[in-house]
Amino acid sequence: MARTFEELVAEAETVPVDGWDFSWLDGRATEQRPSWGYQRTMGEHLARASAALDIQTGGGEVLAGVPKLPALMVATESWPPNVAKATELLHPLGAVVVADPDEPPLPFADAAFDLVTSRHPATVWWSEIARVLRPGGTYLAQHVGPASVFELVEYFLGPQPEEIRRRRHPDDERREAEAAGLQILDLRLESLRTEFFDIGAVIYFLRKVIWMVPGFTVDRYRDRLRELDEHIRAEGSFVAHSTRFLIEARKPA
């Protein structure tokens, strides 16, 4: 028997959302994956590196899943629950986790790393990335693109102005990276189908990805959530589209 709106809400309001593991959504939501396979690509680069930095590592789940880490592997994270989780996960693999506020400067010397990586960074400080890279070093990352999952964002917040929808555009990132002295080697953008199959999945997602609908709470949006629950039950899912882009940049030798 299908669970009621209130049952789904009660469950999704209380499940822990620390870390960057979305396995709770298995069977409840799906997101198409980018064609380049970021974790595999990241692993290939890390296998060739001698000293690497993973910025905004979250709970360390992506980094922990690569086959081989370099001799010197450092990860940064700002959110205390994620710092603890990443430390527990990455220390046994030989990686050091540094608590960092995600604001300049990065707590490392100039030219400290030959590879810097990041998956879905909330902010990108290009001048700092360029500073800590060795000459000839590489930045490899998967960024969230413009207007990602905005069908869901605008369902709750209403139509967003163009300057908001354009944020995180890869053309802007290219210009900022080049202004910091980096050369773009690869830049690819994809739009990916995302589906939510119950209202609990929507609530969990918005609790975890807190910048999507700032200040989101069930109480604040209960009426809209109830309407969305009715839509999902009638249509089978709520469909949105995430945007992701792969960016690879090099510091000139």
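None of these values were measured; they are calculated from a predicted model.

Parameters and conventions
Residues numbered from 1 in each chain as written. Predicted model: local features only at pLDDT ≥ 70, side-chain atom pairs only at ≥ 80, totals over all residues. Heavy atoms only, no water. Phe/Tyr/Trp six-rings, centres within 6.5 Å; stacked < 30°, edge-to-face > 60°. Buried < 20%, exposed > 50% of the residue type's maximum accessible area, 1.4 Å probe, protein only. Helix = DSSP H or I, 4+ residues; strand = E, 2+ residues; numbered from the N terminus. Pairing = 2+ DSSP bridges. Right-handed = clockwise from strand over helix to strand, strands pointing away. Axes fitted to C-alpha atoms, helices over the stretch in contact; angles between N-to-C directions. Contact = heavy atoms within 4.5 Å.

A. Broad picture of the packing of aromatic side chains. Per the counting criterion, the structure on display carries nine aromatic pairs. Ring centres of Phe 108 and Phe 113 lie 5.2 Å apart, and the angle between their planes is 85°; this geometry places the pair in the edge-to-face category. Side by side, Phe 108 and Phe 113 carry an identical accessibility label, which is buried. A centroid spacing of 5.4 Å and a plane angle of 80° characterise the contact between Phe 156 and Tyr 221, whose relative ring orientation is edge-to-face. Linking Phe 156 in helix α6 (residues 150-157) with Tyr 221 in the loop between α9 (199-208) and α10 (222-235), this pair joins segments that are 65 residues apart in sequence.

B. How the structure looks around the pairing of strand β4 (residues 95-99). Pairing between strand β3 (residues 72-77) and β4: five bridges, direction parallel. Within β4, the position partnered with Met 73 by the bridge is Ala 95. This β-α-β element, β3 to helix α4 (residues 80-90) to β4, shows right-handed connectivity.

C. Just the sheet that holds strand β6 (residues 133-144), in detail. Strand order across the open sheet formed by eight strands is β1-β7-β8-β6-β5-β2-β3-β4, with mixed pairing between neighbours. Lying at the two open borders of the sheet, with one neighbouring strand each, are β1 (29-31) and β4. Strand-to-strand twist across the sheet, computed as the mean angle between neighbouring axes with direction ignored, equals 15°. Taken together, the 13 bridges between strand β7 (residues 183-196) and strand β8 (residues 238-250) define a ladder with antiparallel strand orientation. Residue pairing in the sheet places Arg 188 in a bridge with Leu 246 of β8. On the sheet, α4 packs against β3 and β4 and is oriented at approximately 170° with respect to β4.

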